[in-house]
Amino acid sequence: QVQLVESGGGVVQPGRSLRLSCAASGFTFNYYPMHWVRQAPGKGLEWVAVASYDGVNKNYADSVKGRFIVSRDNSKETVYLQMDSLRPEDTAVYFCARDGSFDIWGQGTMVTVSS
Amino acid sequence: DIQMTQSPSIVSASVGDRVTLTCRASQSMSNWLAWHQQKPGKAPKLLIYRASTLQSGVPSRFSGSGSGTEFTLTITSVQADDFATYYCQQYDSYPYTFGQGTKLEIK
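Keep in mind it's a predicted model, so treat the numbers as computed, not measured.

Parameters at a glance
Residues numbered from 1 in each chain as written. Chains lettered and ligands numbered in written order. Predicted model: local features only at pLDDT ≥ 70, side-chain atom pairs only at ≥ 80, totals over all residues. Heavy atoms only, no water. Helix = DSSP H or I, 4+ residues; strand = E, 2+ residues; numbered from the N terminus. Buried < 20%, exposed > 50% of the residue type's maximum accessible area, 1.4 Å probe, protein only. Contact = heavy atoms within 4.5 Å. Lys, Arg positive; Asp, Glu negative; His and termini not counted. Charge placed at Lys NZ, Arg CZ, Asp CG, Glu CD. Buried area = accessible area lost by both parts, 1.4 Å probe. Salt bridge = Lys/Arg side-chain N within 4 Å of Asp/Glu carboxyl O.

With that settled, the discussion passes to the overall build of chain A. Within chain A, the regular secondary structure consists of zero helices and eleven strands. Across the 115 residues of chain A, 49% fall into the buried class. Taking as baseline every contact in chain A between residues at least 6 positions apart, the subset at least 24 positions apart corresponds to 52%. In chain A, 11 positive and 11 negative side-chain charges are present, and the distance between their average locations comes to 5 Å.

Moving on to the interface of chain A and chain B. Each side of the interface is counted separately: chain A has 18 residues, and chain B has 16 residues. Both faces combined, the contact of chain A with chain B buries some 1,300 Å², and carbon together with sulfur accounts for 68% of it. Looking at the side of chain A facing chain B, the largest losses of area belong to L45(A), W47(A) and S101(A), adding up to 38% of the total buried there. Put simply, chain A and chain B have zero salt bridges between them. Listed by contribution, the elements that provide at least two residues to the side of chain A that touches chain B are β4 (34-39) and β5 (45-51) of chain A.

This part takes up the pattern of salt bridges. Counting across every chain of the model gives nine salt bridges over all chains. We note a salt bridge from K65(A) to D62(A), for which the minimum N-O separation is 3.1 Å. A relative accessible area of 59% means that D62(A) is categorised as exposed. Residue K39(B) is joined to D81(B) by a salt bridge in which the shortest nitrogen-to-oxygen separation is 2.3 Å. Of the two residues, K39(B) is situated in the loop between β4 (33-38) and β5 (45-49) and D81(B) in the loop between β7 (62-75) and β8 (85-90); the sequence distance between them amounts to 42 residues. For K39(B), a relative accessible area of 25% puts it in the partly exposed group. A relative accessible area of 47% means that D81(B) is categorised as partly exposed. A network of salt bridges, in which partner residues are shared, links R38(A), E46(A), R67(A) and D90(A).

These figures come from the coordinates and say nothing about function on their own.
And the structure:
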């Protein structure tokens, strides 16, 4: 079935790095742009980044620009989020989602930035 | 950036009630507007896209309407499974943005 599964979350100190992965299955991965969305504890949803269907075009929220990099490997049907210079305010559940309307969501992976 | 504002922040309803949630955009936009439902500890779920198109598998008691700067989500007869938080989301232009959410509570 159509599915997105995130992994790579954990606890990390401020200033350190983490890479998230989102593995897709059940659909033609290279047809769709793929997004990352996050949700801080008890807060609303915040769009983070997008990689176009071919990975050439990318876009970022101002809050992560210059620190996060989105990429994808269509041969592995996986999208990544490289997060550098992490801050406490990056603490959140990170979801990947398909297409502009976010018609498919992963279950999320928790990232905690704390010393 | 297009800012999305939802109202009310919280709405109390009983099973069987009709409920309307509103989402206002800070500038006129095309109908690239989606509604998502989220329950505690779960991922969001797409209900409506293109402002008024019902996602496959979503009950027909959910409907979306609107254009320009004002959009609505209506639940014609609230069911027990509908108590959740609802977010509107614009995908008209980057950065994509969400409203702050409307929590539908049991009265």
